[in-house]
Amino acid sequence: MKKYIGLLIVVFFGACTENEPIEEKGLKIVCTTGMIGDAVQNLADSTCTVNTLMGPGTDPHLFKPTKQSLDLLSDADIIVANGLHLEGRMQDILEKMQRNKTVIFIGDAIPAEDLLIAEGSEFIPDPHIWFDVSLWNKSMRFLSDELRKFGVLNEAKAEAYRNELSALDESVQKTLSEIPDERRVLITAHDAFSYFGEAYGMEVIGLQGISTVSEYGIRDVTNMVNLIVSRNIPAVFVESSISSRSIEAVIEGCEQKGFQLELGGTLYSDALGTEGSGAETYISMVDHNVATITKALK
Ligand SMILES: [Zn+2]
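All values derive from a computational prediction rather than experimental measurement.

1. Quick word on the overall build of the protein chain
Looking only at helices and strands, one finds 11 helices and eight strands in the protein chain. Within the span of the protein chain, comprising 298 residues, buried residues form 48% of the whole. When contacts within the protein chain are restricted to residue pairs at least 6 apart in sequence, those whose partners lie at least 24 apart make up 68%.

2. Observations regarding the environment of Asp-191
Along the chain, Asp-191 falls in the loop between strand E5 (185-190) and helix H8 (194-200). Looking at Asp-191, the relative accessible area reads 12%, which means it is buried. Residues Asp-191 and Gly-206, 15 residues apart in the sequence, show an inter-C-alpha distance of 4.4 Å. Of note is the side chain of Asp-191, whose polar atom sits 3.0 Å from the backbone nitrogen of Gly-206.

3. Let's talk about the sheet that holds strand E3 (residues 78-81)
Pairing is parallel in the open sheet, where four strands are placed in the order E2-E1-E3-E4. The outermost strands of the open sheet, each flanked by one partner alone, are strand E2 (49-52) and strand E4 (102-105). Within the sheet, the average angular offset between the axes of one strand and its neighbour, ignoring direction, is 20°. Judged from the four bridges that link them, E3 and E4 form a sheet pairing that is parallel. Within the sheet, the bridge partner assigned to Val-80 lies in E4 and is Ile-104. The sheet strands contacting helix H6 (residues 133-149) are strand E1 (28-31), E3 and E4, and the helix crosses E4 at an angle near 165°.

4. So, the side chain of Arg-184
Structurally, Arg-184 can be placed in the loop between helix H7 (155-176) and E5. Salt bridges are absent for the buried Arg-184, whose nearest opposite-charge side chain, Asp-181, sits at 4.8 Å. A polar atom in the side chain of Arg-184 sits 2.7 Å from the backbone oxygen of Leu-176. There is a polar contact of 2.8 Å between the side chain of Arg-184 and the backbone oxygen of Gly-201. If near-sequence neighbours (up to four positions away) are discounted, Arg-184 is found in contact with Leu-176, Ser-177, Ile-179, Tyr-200, Gly-201, Met-202 and Glu-203.

5. A look at the environment of Leu-84
One can find Leu-84 in the loop between E3 and helix H5 (91-97). Taking the relative accessible area as the measure of exposure, Leu-84 reaches 16% and is therefore buried. Along the sequence, Leu-84 and Phe-105 sit 21 residues apart, while their C-alpha atoms lie 8.1 Å from each other. Apart from the residues lying within four places of it in its own chain, the contact partners of Leu-84 are Gly-107, Leu-115, Pro-125, Asp-126, Pro-127 and Ile-129.

6. Quick look at the nonpolar core
The biggest cluster of nonpolar side chains holds 58 residues, and the ones touching the most others in it are Val-80, Trp-136, Leu-143, Phe-196, Tyr-282 and Ile-293. Only E1, helix H3 (34-43), E3, H6, H7, H8, strand E7 (235-239) and helix H11 (282-297) provide two or more residues apiece to this core. The element contributing the most residues to this core is H11, with seven residues. Split by domain, the residues of this core number at least three in each of domain 1 (23-172) and domain 2 (177-297). In terms of nonpolar packing, the next biggest core, distinct from the first, is built from 19 residues, Ile-187, Val-221, Val-225 and Ile-228 among them.

7. As for the pattern of salt bridges
Where charged atoms from two side chains of opposite charge come close, those side chains can pair. Applying the stated criterion across every chain yields a total of eight salt bridges. The shortest N-O distance in the salt bridge between Asp-145 and Arg-148 comes to 2.9 Å. Of this pair, Asp-145 and Arg-148 both sit in helix H6, three residues apart, roughly one helical turn. For Asp-145, a relative accessible area of 36% translates into the label partly exposed. With relative accessibility at 39%, the residue Arg-148 sits in the partly exposed group. Here Arg-231 ties to Glu-203 by a salt bridge, and the two come within 2.8 Å at their closest N and O atoms. One end of the pair, Arg-231, is in helix H9 (residues 218-231); the other, Glu-203, is in strand E6 (residues 203-208), with 28 residues separating them in the sequence. Classification of Glu-203 as partly exposed rests on a relative accessible area of 34%. Residues joined in a network through salt bridges with shared partners are Asp-145, Arg-148 and Glu-155.

Here is what the cut-offs are and how they apply
- Residues numbered from 1 in each chain as written.
- Predicted model: local features only at pLDDT ≥ 70, side-chain atom pairs only at ≥ 80, totals over all residues.
- Heavy atoms only, no water.
- Helix = DSSP H or I, 4+ residues; strand = E, 2+ residues; numbered from the N terminus.
- Buried < 20%, exposed > 50% of the residue type's maximum accessible area, 1.4 Å probe, protein only.
- Contact = heavy atoms within 4.5 Å.
- Polar contact = N/O pair within 3.5 Å; in protein donor to acceptor, adjacent residues only side chain to side chain.
- Pairing = 2+ DSSP bridges.
- Axes fitted to C-alpha atoms, helices over the stretch in contact; angles between N-to-C directions.
- Lys, Arg positive; Asp, Glu negative; His and termini not counted.
- Salt bridge = Lys/Arg side-chain N within 4 Å of Asp/Glu carboxyl O.
- Core = buried A, V, L, I, M, F, W, Y, C linked by side-chain atoms within 4.5 Å.
- Domains from an automatic or database assignment.

Here it is as structure tokens:
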């Protein structure tokens, strides 16, 4: 009997050295949006493999996972999503996956009193929480706590990142203060910027609702043209992940009324920029947007 036990021990330890221990292999983390992927890269330790499903220019409201994305999701140890129905067409899949693996919805970290309610609805929260840097930082604390539970939080890196976000929040306030009060109006293709407006004192008007699933109508364009002309608003903005058609229609409408409306530039709203765009991380995306808005409106 003793012999057998000895043999069993040898087999057991032999098996252990053949298969790498889990700590060395790290965890596979799959993120939905680029902003979340960037956050996880800044918080998790280097043993983790981080994959992001939605690349530059991808609209999360319309994103349907491909076969490759589904494989990544089912192979993941941890999935990190925004939630609050941002990933509208993935919600069912994510909820199903939650039954047998960890799915972290970082939107869950936001206290109800900090959530904005979508215009025209009574209870649907606006999912674009990353536009208020201090709110995003709150969700980073939550995400850090979750990663710590799995032993994959890089404490020093995470603290440095969260300090960087605090500094970013202050610099956004400071830069935007250059825009005079009467020009603090941000007009974009869809209602992504409500948290931005709330946090930094800008009036925000989108042609489409908070989701890009609803289409804008000709009446929306006419109303927008009338508003821009009557308030003498100098510029409007297009978004990288959304068709610029609606905003172009507004510019044309203003032209027909003899009003010169400028295109203030491209804002990165629901997706990070491509390599070399200067908006390939969350921090550079915020900096790019704030610089673009300030230059066009001040
Ligand atoms: Zn959006």
